[in-house]
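Residues per chain, in single letters:
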Amino acid sequence: MISLKDVYLSLGLGQSRVDILRGIDLDIERGQSVGLVGPSGSGKSTLLMVMAGLERADRGQVLVERNDLLGMNEDDLARFRGARIGIIFQSFHLVPTMTALENTAIPLELAGQRDAFEIAKGELEAVGLGHRTHHYPAELSGGEQQRVAIARALAPRPSILIADEPTGNLDSDTGREISDLMFRLHKERAMTLMLVTHDANLADRCERVVRLRSGQLVESPHEVPASEPTSRSS
Ligand code: ADP
Ligand code: MG
């Protein structure tokens, strides 16, 4: 479970200092899917980074599966991220000089995992790219690149998947395929899913929708209790 209490964060120096998060309270149950929506610049990406331990809140409390992120040092945070958190972005962020297989193996190798390439191959198969293991990012379509990014994010078997506008660079059909894949893996692997999107239909596939405005949460339009059947797709 993820629990944020009274979280504040400002970034930038001097004149360009911005109060980005202004008193965030948010509790997310383990395994829940949460859509995070709000205008551009409202702090969505920053909130994801705080949950992932990539940005440190100025004050408040950030608990992620019993880990008190603000109390952890950088080494512990890095270990925590590597083991528990998978992140995918709008622009894929693959290493251009590495094949799909090498990209997918990165987090496994960083964790010193044996059989990193064998596991990576299995992860590529799980996202439907078993036939593209030796392709470089430039030789793959946008949808295929995002599949590699998903395989890489999920290879360490994280308990939380964080997705920042994962379909933002894809056409609608491809975006739909990537969303289907993401929600399927979220279910199969019982991961918590935090999804930022501008696509209302995509947000509505989440069990819960949370809205940010100028760094503060506002009431969500719908909230499905976790005990109810959660799949709104198909
Ligand atoms: P969103 O993802 O909702 O579009 P962001 O979290 O990316 O919003 O950014 C929220 C606000 O914080 C924006 O006004 C942005 O310009 C500002 N911001 C983000 N990162 C920094 C930074 N490192 N320094 C200063 N301002 C920043
Ligand atoms: Mg953003």
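Above this text is the structure in question.
Cut-off values and rules
Residues numbered from 1 in each chain as written. Chains lettered and ligands numbered in written order. Predicted model: local features only at pLDDT ≥ 70, side-chain atom pairs only at ≥ 80, totals over all residues. Heavy atoms only, no water. Helix = DSSP H or I, 4+ residues; strand = E, 2+ residues; numbered from the N terminus. Rg over C-alpha atoms; globule rule 2.2 N^0.38 Å. Buried < 20%, exposed > 50% of the residue type's maximum accessible area, 1.4 Å probe, protein only. Contact = heavy atoms within 4.5 Å. Areas by Shrake-Rupley, 256 points an atom, 1.4 Å probe, with all protein chains shown as cover. Pairing = 2+ DSSP bridges. Axes fitted to C-alpha atoms, helices over the stretch in contact; angles between N-to-C directions. 1 Å grid on protein atoms, 1.4 Å probe; cavity = no way out; pocket = protein on both sides within 12 Å on 5 of 7 lines; lining within 4 Å. Points joined across faces, edges and corners; volume = space filled by probe spheres on them. Nonpolar A, V, L, I, M, F, W, Y, C, P; charged D, E, K, R; others polar. Core = buried A, V, L, I, M, F, W, Y, C linked by side-chain atoms within 4.5 Å. Near = heavy atom within 4 Å. Polar contact = N/O pair within 3.5 Å; in protein donor to acceptor, adjacent residues only side chain to side chain.

Summing up its helical and strand segments, the chain has seven helices and 10 strands in all. For the chain, whose C-alpha radius of gyration is 17 Å, the value lies close to the compact-globule estimate of 17 Å for 234 residues. Its C-alpha atoms give the chain principal-axis dimensions of roughly 45 × 40 × 35 Å. By residue count, 49% of the 234 residues in the chain fall in the buried class. Long-range pairs, those at least 24 residues apart, make up 67% of the contacts in the chain between residues at least 6 apart in sequence. If you sum the accessible surface of the chain, you get close to 11,400 Å²; carbon and sulfur atoms cover 47% of it.

A few words on the sheet that holds strand β2 (residues 18-28). In spatial order, the strands read β2-β1-β4-β5; together these four strands make up an open sheet with antiparallel pairing. If you trace the sheet from one side to the other, it starts and ends with β2 and β5 (67-68), each paired once. In terms of strand pairing, strand β4 (residues 59-64) meets β5 through two bridges, oriented antiparallel. Bridge pairing in β5 links Leu-63 to Asp-68. Most of the contacts of helix α1 (residues 44-51) go to β2, to which it runs at about 60°, and overall it touches β1 (2-11), β2 and β4.

Here we take up the environment of Glu-123. Inspection of the secondary structure puts Glu-123 in helix α4 (residues 116-126). In contact with Glu-123, other than residues within four places in its own chain, are Thr-104, Ala-151, Leu-154, Ala-155, Arg-157 and Arg-189.

All right, on to the layout of surface pockets then. If you add up the space inside the largest pocket, you get close to 550 Å³. The wall of the largest pocket is formed by 20 residues, among which Arg-81, Gly-82, Ile-85, Pro-107 and Leu-110 lie closest to the centre. Secondary-structure elements contributing two or more residues to the lining of the largest pocket are α2 (74-84), β6 (85-89), α3 (100-110) and α5 (142-154). Here the lining of the largest pocket gets six residues from one element, more than from any other, and that element is α2. Per-class residue counts for the lining of the largest pocket are 13 nonpolar, three polar and four charged. Considering the residues around the second largest pocket, the lining is formed by Thr-167, Gly-168, Leu-170, Asp-171, Ser-172, Gly-175, Arg-176, Ser-179, Asp-199, Asn-201, Leu-202 and Arg-205. Secondary structure elements with two or more residues in the lining of the second largest pocket: α6 (172-188) and α7 (200-204).

Before going further, it helps to spend a moment on the side chain of Thr-46. Its location among the elements puts Thr-46 in helix α1. If we skip the residues at most four places from it in the chain, Thr-46 touches Leu-9, Ile-20 and Leu-21.

Further remarks concern the nonpolar core. Side chains that are nonpolar tend, in soluble globular proteins, to be buried together. By size, the foremost hydrophobic cluster in this structure holds 33 residues, and its most contacted members are Leu-124, Val-127, Ile-150 and Leu-195. Of all the secondary-structure elements, those providing two or more residues to this core are α3, α4, α5, β7 (160-164), α6 and β8 (192-196). No other element matches α5, which puts six residues into this core. Not counting the four nearest positions on each side in its chain, Leu-124 is found in contact with Ala-100, Leu-101, Thr-104, Leu-129, Gly-130, Thr-133, Val-148 and Ala-151. Membership of the second largest hydrophobic core comes to 32 residues, among which are Ile-24, Leu-36, Ala-57 and Ile-85.

For the rest of this paragraph, the subject is unusual backbone geometry. For Glu-165, which is not a glycine, the phi torsion comes out positive at approximately 50°. Classification of Glu-165 by relative accessible area gives buried; the value is 17%. One non-glycine residue, Ala-190, adopts positive backbone phi at about 50°. Structurally, the position occupied by Ala-190 is in the loop between α6 and β8.

With that out of the way, let us pick up the site of ligand 1. Around ligand 1, a shell composed of Leu-11, Gly-12, Val-18, Ile-20, Pro-39, Ser-40, Gly-41, Ser-42, Gly-43, Lys-44, Ser-45 and Thr-46 is seen. At 2.8 Å from an oxygen atom of ligand 1 is found a side-chain nitrogen or oxygen belonging to Lys-44. With respect to ligand 1, the side chain of Thr-46 contributes an N or O atom lying 2.5 Å from an oxygen atom. Counting only elements with at least two residues in the shell around ligand 1, the list comes to β2 and α1.

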